[in-house]
Amino acid sequence: GKWRVLTLRHLRSVSPPKPEVYVRELADAITNILAVLGVERTTVQELRDTIVNRYRDQIASVVDIALELQRITREDCESWDFEIFAPSFDATFDAEKMEKDPVDDIPFPPTFIESETHVLCTTRLGLKKERRIKGEDLDGPLELKTRILMKPKVILRTIVPANAEAAPADVVPT
């Protein structure tokens, strides 16, 4: 694994990835999918231009995350196990293990719960790697070393109005 990692790092330093190329390719793929689904525009090029003009920033974010994930899994991986994870609903917010989604920073009126630090939902999954450092034998205790590579993004319950805590009687939880 060490030679693979060194080779990939060298290749990236000599020829860094070009995110704009991937943005264009992803926009083309999205355009093709929408054209096959029958989204009507005068031309496929007009549809592509609309997608690029309207969603360039979001597509660029997807590309950036994908390139970072590719870098992490190819260059930081020698003897680690990777795991995608998300905090559970109502977990207590831990800044070392998760990030607040920017939507959570919107100021709300005082009727909203301000002291609540529990997770409402996850908006981006996290990625961690684990390596067994002790307990290689079946007899010894298992000890893992964990490193969070990409923190999950969460929205906290602070965005829920204080008077919305109780669900209406006719709502059945699923």
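As the structure is a computational prediction, the values presented were derived from the model and not from experiment. Residue positions are given per chain, counted from 1 along the sequence in the order it is written. The predicted nature of this model means local features are confined to residues of pLDDT at least 70 and side-chain atom pairs, given and counted, to a pLDDT of 80 or more, with totals for whole chains, interfaces and linings taken over all residues. For side-chain calculations, the full set of non-hydrogen atoms in the structure is used, while hydrogens and water are omitted.

A run of H or I in DSSP counts as a helix once it spans at least four residues, and a run of E counts as a strand once it spans at least two, with each numbered from the N terminus. One can find Thr 31 in helix H2 (residues 19–37). Accessibility expressed as a relative area gives 2% for Thr 31, which makes it buried. Burial here depends on accessible area, computed with a 1.4 Å probe over protein chains only, as a share of the maximum for the residue type. Under 20% is buried, over 50% is exposed, and the range in between is partly exposed.

The next point concerns the pattern of salt bridges. Take a side-chain nitrogen of Lys or Arg and a carboxyl oxygen of Asp or Glu: if they are within 4 Å of each other, that pair is a salt bridge. Taken as a whole, this structure holds five salt bridges when the rule is applied. A salt bridge links Asp 28 to Arg 48, with the shortest nitrogen-to-oxygen separation between them at 2.4 Å. In this pair, Asp 28 sits in helix H2 while Arg 48 sits in helix H3 (residues 44–75), placing the two residues 20 residues apart along the sequence. Linking Asp 90 and Arg 157 is a salt bridge whose minimum nitrogen-to-oxygen distance equals 3.3 Å. Pair noted here: Asp 90 is in the loop between strand E1 (81–85) and strand E2 (99–100) and Arg 157 is in the segment after strand E6 (153–156), with a separation of 67 residues, a long-range link.

So, about the nonpolar core. Residue types Ala, Val, Leu, Ile, Met, Phe, Trp, Tyr and Cys, when buried and joined through side-chain atoms within 4.5 Å, form a set referred to as a nonpolar core. In terms of nonpolar packing, the biggest core is built from eight residues, these being Val 23, Ala 27, Leu 47, Ile 51, Val 52, Ile 59, Val 63 and Leu 67. Looking at this core element by element, the count peaks at six residues for H3. Leaving out residues up to four positions away in the same chain, Leu 47 has contacts with Thr 31, Leu 34, Ala 35, Val 39 and Arg 41. Listed in part, the five residues of the second largest apolar core include Met 98, Val 119, Val 154 and Leu 156. The contact definition used throughout considers only heavy atoms, calling two residues in contact when any of these lie within 4.5 Å.

To continue, consider the confidence of the model for the chain. Scored from 0 to 100, pLDDT records how confident the predictor is in each individual residue. Confidence in the prediction for the chain averages 78 pLDDT; 71% of positions are at 70 or higher. Scored below 50 in pLDDT, residues 110–114 shows 13 contacts in the model against residues more than four places distant or in partner chains. This stretch, residues 166–174, has a pLDDT under 50; its non-local contacts, to residues over four places away or in other chains, come to zero contacts.

Once that is clear, we can look at the packing of aromatic side chains. Any two of the Phe, Tyr and Trp rings considered here, Trp counted by its six-membered ring, make a pair once their centres fall within 6.5 Å; the pair's planes then place it as stacked at under 30 degrees, edge-to-face at over 60, or tilted in between. A complete count under the given rule lists zero aromatic pairs for this structure. The aromatic ring of Phe 85 is capped on one face by Lys 128, whose charged end is 5.2 Å from the ring centroid. Consider the ring centre and the ring normal. A charge sits over the ring if Lys NZ or Arg CZ is within 6 Å of that centre and within 35 degrees of that normal.

Glancing now at the side chain of Arg 157. Residue Arg 157 is classed as buried on the basis of its relative accessible area, which comes to 16%. Two N or O atoms form a polar contact when they lie within 3.5 Å of each other; inside protein one atom must be a possible hydrogen donor and the other a possible acceptor, and for residues adjacent in sequence the pair counts only when both atoms belong to side chains. At 3.3 Å, the side chain of Arg 157 and the side chain of Asp 90 are in polar contact.

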